[in-house]
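Structural overview
Chain residues, written in single-letter form:
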Amino acid sequence: LAQFFNLYSDPVAQFWFQRASASKNLPLHVLVLVAGWTAIAAWLWRLSQLREEMRDYELPLQGQVGVSTRLERMLSARAAAARLLKNPSTRVICDLWHDRLANLHATSIRGRQRLLRYGFSALPPFAMGVWMGLALLAALWLVSQSALTAKVSSHVNAVLPSFIFFLVMPTFASASGLLMRRARMPQELLLPISRREYVGGLLKKLANGAIVSWAVAHLAMLSLVALLDRSALTWSFAAALTALSVGIQVYAFGAQTGAASIQRGGKRNVVMAAALTPTLLAAVIGLTALTGPTTSREVSEQQIREQIDVWKDSLRPERLAKDEARLRQHAEERWQASQPKPARAWLAGATVGALGAAGIAMSRRRWLAMEFG
C-alpha cells in the first residue's frame, strides 16, 4: 500500500516524474535502482541457503491444494508460533488474547462456537481488522494529498475513483483466513460440536473480523470526504456510500467463502479472480453515480460570458439574446444531469448484496456437505 499510494503524494510524484529536477535527482534514482536490485539478489541468495530447521523457513499455504496434508498442518502451526515470537508488541497482544482461554468454560454450544475465534491467526480477529483498517486509512491519506492539489471543481471527485480499492479490499482480505483454517478442519470436526454448529460458528467468527476491517475503512472514507469538502458529506451521500459498501462486503464474503471450499487450488484461484468482476462493476457504477458536477456554476457562467463576448460583434441583438438563452438552458441541463444520483448507488449495492446473500447460503451448504480427507 505504501509503495503504490505514496505516488499520490506531491513531493514523491515530483521526485520521480518532474523533468525540471530529473538531473538533480538522477544520482538518487540510480541509488534506489542499485539498492533494489541488491536487495533482490540478497533475497535470492537467502532462498538458496534456507533449510527447514531455520526460523524464517516458511511455505505459503494459500498456494496449496485444498486437501489437508501433514505438511500443511505442520507449517500452519509453525507460522502461528513464529508470529507469536517475532515481534514484542504482537507477542503481548497474542499472550493477552490466548490467556483468556484459561478462564473460558465452554459448556454450551454457543460457548464452544466462541472458541472458534481462535485459530484464524495468532492475533485476535479485532486486532487484524484494526490493522487492516489503519493500513487502508494511511493509503487514503496519501490519496488525499493528491486530491487537495487537484485542479478540479470538487476534490471529492478527484478522490472517489480510488475508493474502489477500499470498497473491495477489507472483506476479501479477511475472508481469505478460511483457507488457512482448512488444514485443521478434519481435526476440529472431532470436537464435541455438530458439523452444522461448527460451520455456522466458523463463518460467524470470520464475519466478525471482516466487519471490523470494513468499519474502520468505511469510517476512513467518510472522514476523508469530510476533510476535502464538508458540504459534499450529506446524509444522502453517506447513506448511499454505506449501502454500496455494505452490499459489496456481503458479496465479497459469500464469494470468498464459496471459493475457499473448492478443492483444487488452480480452480479456486480462477473462481476468486472471476468473483472480483461483479464487485468492481458495482463499485464503478456506484461511485460514478455519487460523483458530483465536474465544473462549478461559476465556471459555467464564465464560459457562457466568454462565448457571448465572441459572438457579440457578429450577431444582431435579437439573435444574440436567443443564443444566450439557449446556452444557459444547455448549461443548466448539463448541471442537472451531472448531479449525484444516490439511487443508482443504492441499486448497485442492493443488487450485489442480494447476490452475496445467495452466495453465503450456497457456500454454507457446500461446507456442510464437504468431505474432508
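All of these numbers come straight from a predicted model, not from anything done at the bench.

**Overview of the overall build of the chain**
From N to C terminus, the chain includes 17 helices and zero strands. Expressed as a percentage of its 373 residues, the buried residues of the chain come to 37%. Accessible area for the chain stands at about 21600 Å²; split by element, carbon and sulfur atoms hold 64% of it.

**Brief notes about the environment of Ile-248**
With respect to the element layout, Ile-248 can be found in helix 13 (residues 235-260). Here Ile-248 is in contact with Leu-167, Val-168, Thr-279, Ala-282, Ala-283 and Val-352, once residues within four sequence places are set aside.

**Digging into the packing of helix 14 (residues 265-290) against helix 17 (residues 342-369)**
The geometry of helix 14 relative to helix 17 is characterised by a closest axis approach of 7 Å and an angle of 165° between their N-to-C directions. Comparing the axis directions of helix 14 and helix 17 gives the class roughly antiparallel. Pair helix 14 / helix 17 crosses with left-handed handedness. Seen from helix 14, the contacting residues are Pro-278, Ala-282, Ile-285, Gly-286, Ala-289 and Leu-290; seen from helix 17, they are Pro-342, Arg-344, Ala-345, Ala-348 and Val-352.

**Brief notes about the side chain of Ser-261**
One can find Ser-261 in the loop between helix 13 and helix 14. A relative accessible area of 1% places Ser-261 in the buried class. Those residues in contact with Ser-261, other than ones at most four positions away along the chain, are Arg-182, Arg-366, Trp-367 and Met-370.

**Digging into the nonpolar core**
Phe-163, Leu-167, Leu-241, Ile-248 and Leu-287 are the most contacted members of the largest nonpolar core, which has 27 residues in total. Among the secondary structure elements, those contributing two or more residues to this core are helix 9 (163-175), helix 12 (195-228), helix 13, helix 14 and helix 17. Counting residues per element, this core draws most heavily on helix 13, which supplies eight residues. Discounting residues that sit within four places of it in the chain, Leu-287 has contacts with Leu-160, Phe-163, Ile-164, Leu-167, Leu-241 and Leu-244. With 18 residues, the next largest nonpolar core counts Met-185, Phe-253, Ala-259 and Met-272 among its residues.

**Things to note about helix 13**
The terminal C-alpha atoms of helix 13, which comprises 26 residues, lie 37 Å apart, in line with the 38 Å expected from a rise of 1.5 Å per residue. Counting buried positions along helix 13 gives 20 out of 26 residues, so the element sits mostly inside the fold.

**Structural notes on the side chain of Ser-245**
Mapped onto the elements, Ser-245 comes out in helix 13. Judged by its relative accessible area of 1%, Ser-245 falls in the buried class. In this structure Ser-245 touches Leu-167, Trp-214 and His-218, once residues within four positions along its chain are discounted.

**Points about the confidence of the model for the chain**
A residue-level look at the chain finds 69% of positions with pLDDT of 70 or above and a mean pLDDT of 75. Summarising per-element confidence for the chain, the mean pLDDT is lowest in helix 4 (residues 70-86) (58) and highest in helix 17 (90). Every residue in residues 62-68 scores below 50 in pLDDT, and together they form 19 contacts with partners more than four places removed in sequence or on other chains.

Rules used throughout
- Residues numbered from 1 in each chain as written.
- Predicted model: local features only at pLDDT ≥ 70, side-chain atom pairs only at ≥ 80, totals over all residues.
- Heavy atoms only, no water.
- Helix = DSSP H or I, 4+ residues; strand = E, 2+ residues; numbered from the N terminus.
- Buried < 20%, exposed > 50% of the residue type's maximum accessible area, 1.4 Å probe, protein only.
- Areas by Shrake-Rupley, 256 points an atom, 1.4 Å probe, with all protein chains shown as cover.
- Contact = heavy atoms within 4.5 Å.
- Axes fitted to C-alpha atoms, helices over the stretch in contact; angles between N-to-C directions.
- Parallel < 35°, antiparallel > 145°, perpendicular 65-115°, else oblique.
- Left-handed = near helix turned anticlockwise from the far one by under 90°.
- Core = buried A, V, L, I, M, F, W, Y, C linked by side-chain atoms within 4.5 Å.
- Expected span 1.5 Å × (residues − 1).
- pLDDT = per-residue confidence, 0-100.

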